[in-house]
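Results of the structural survey
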Amino acid sequence: MTQGTAGQAGLFDTDEEPIPEPPVSRVDPDELRHALARIVVTSAPDPADPRLRNRVLLVVECPFCNHQHIHPGGRVGDVRLGERRARCIGQPGGRYLIKAVDE
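Below, the structure is looked at part by part. (Residues numbered from 1 in each chain as written. Predicted model: local features only at pLDDT ≥ 70, side-chain atom pairs only at ≥ 80, totals over all residues. Heavy atoms only, no water.)

Concerning the side chain of His69
Examined against the element boundaries, His69 turns out to sit in strand β3 (residues 68-75). Here the side chain of His69 touches Arg87 through a polar contact of 3.1 Å, landing on its backbone oxygen. If we skip the residues at most four places from it in the chain, His69 touches Leu58, Val59, Val60, Cys62, Arg87, Cys88 and Tyr96. (Helix = DSSP H or I, 4+ residues; strand = E, 2+ residues; numbered from the N terminus. Polar contact = N/O pair within 3.5 Å; in protein donor to acceptor, adjacent residues only side chain to side chain. Contact = heavy atoms within 4.5 Å.)

Observations concerning the sheet that holds strand β6 (residues 95-100)
Here 6 strands make up an open sheet; going across it, the order is β4-β3-β2-β1-β6-β5 and the pairing mixed. The sheet terminates laterally at β4 (78-79) and β5 (82-85), the two strands that pair on one side only. Looking at chain direction, strand β2 (residues 54-61) and β3 are connected through 6 bridges and run antiparallel. Bridge pairing links Val60 to His69 in β3. (Pairing = 2+ DSSP bridges.)

Side note on the pattern of salt bridges
The final tally for this structure, using the stated rule, is 4 salt bridges. Among the ionic pairs, Asp49 bridges to Arg53, the shortest N-O distance being 2.8 Å. The same class applies to Asp49 as to Arg53, namely buried. Each of the salt bridges in this network shares a partner with another, and the network as a whole consists of Asp46, Arg55 and Arg75. (Salt bridge = Lys/Arg side-chain N within 4 Å of Asp/Glu carboxyl O. Buried < 20%, exposed > 50% of the residue type's maximum accessible area, 1.4 Å probe, protein only.)

Describing the state of the cysteines
All chains considered together, the criterion is met by 0 disulfides. Residue Cys62 stays outside any disulfide, its sulfur separated by 3.5 Å from that of Cys88, the closest cysteine. According to the relative accessible area criterion, Cys62 is buried, its value standing at 3%. Summary of cysteine pairing: Cys65 is not part of a disulfide, and the nearest cysteine sulfur, belonging to Cys88, is at 3.7 Å. (Disulfide = S-S within 2.5 Å.)

If you want it as structure tokens, here you go:
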């Protein structure tokens, strides 16, 4: 190490601390759980749709991480529910079957 490199290395913690392992998921990735979703309609029409219908988003209460995930849900009049993969960040999720809830 040169003198300049040694000085820079002193700025950082150089102790060899073990890097913590990410938590092991207890979720079977092939397990299918039920999830409830709120249907949210966007305010602008979809320019790719010949009938200019508004897009639909599904706000899902994730049964794996207890957070909300947003999935595309089709267009007004053609809402697509069904099976999706969880979008859990920080911990692996699995698959869920989306059912809509009335507000």
